[in-house]
Amino acid sequence: MEPFLTCDSQAILVEDKSFQAAKCDQCGAKMYPQSLLQPHLTRHQRRQRLLMRELRKLRHTFTHMRDIA
Ligand SMILES: [Zn+2]
């Protein structure tokens, strides 16, 4: 990298970063602005918890069915 360009490219880099969208690790969705990522992740967690509860219910049903049979 040429020294006289360093300052400029760094400024661009910082600017790029501030406009960069945050990427969700769970579904790969891009959030912009980045502050949207937190509520998005919270929604993921809530959905996951709901899913786990449904799975537990389902497992309970299966266990019960096996008991009957
Ligand atoms: Zn996501």
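Residues numbered from 1 in each chain as written. Predicted model: local features only at pLDDT ≥ 70, side-chain atom pairs only at ≥ 80, totals over all residues.

A.B. asks: Honestly, the overall build of the chain in this entry has me stumped. Any pointers?
C.D. replies: On a plain count of helices and strands, the chain comes out with 2 helices and 2 strands. Reading the chain from its N terminus to its C terminus gives the helix and strand order α-β-β-α. In the chain, which comprises 69 residues, the share counted as buried stands at 0%. (Helix = DSSP H or I, 4+ residues; strand = E, 2+ residues; numbered from the N terminus. Buried ≥ 20, exposed ≤ 12 C-beta atoms within 10 Å, placed from the backbone.)

A.B. asks: What's the story with the confidence of the model for the chain in this structure? I'm lost.
C.D. replies: Caution applies to low-pLDDT regions: their predicted coordinates should not be interpreted in detail. Averaged over the chain, the pLDDT score is 82; the fraction of residues at 70 or greater is 71%. Of all secondary-structure elements in the chain, the lowest mean pLDDT belongs to helix α1 (residues 3-18), at 56, while helix α2 (residues 37-68) reaches the highest, 93. (pLDDT = per-residue confidence, 0-100.)

A.B. asks: Honestly, unusual backbone geometry in this entry has me stumped. Any pointers?
C.D. replies: Glycine aside, residues mostly have negative phi angles, and peptide bonds mostly take the trans form. Tyrosine 32 connects to proline 33 through a cis peptide bond whose omega is -5°. For proline 33, the position within the fold is in the loop between β2 (30-31) and α2.

A.B. asks: Please explain the environment of leucine 36 as it appears in this structure.
C.D. replies: Relative to the helices and strands, leucine 36 resides in the loop between β2 and α2. Leucine 36 sits in the partly exposed class, given 15 other C-beta atoms within 10 Å.

A.B. asks: I keep staring at α2 and nothing clicks. Help me out?
C.D. replies: It helps to recall that an α-helix has 3.6 residues per turn; residues three or four apart then point in one direction. A rise of 1.5 Å per residue sets the reference length of α2, with its 32 residues, at 46 Å; its end C-alpha atoms lie 46 Å apart and thus fit the reference within 8%. Among the 32 residues of α2, 0 are classified as buried, and the element is accordingly described as predominantly exposed. (Expected span 1.5 Å × (residues − 1).)

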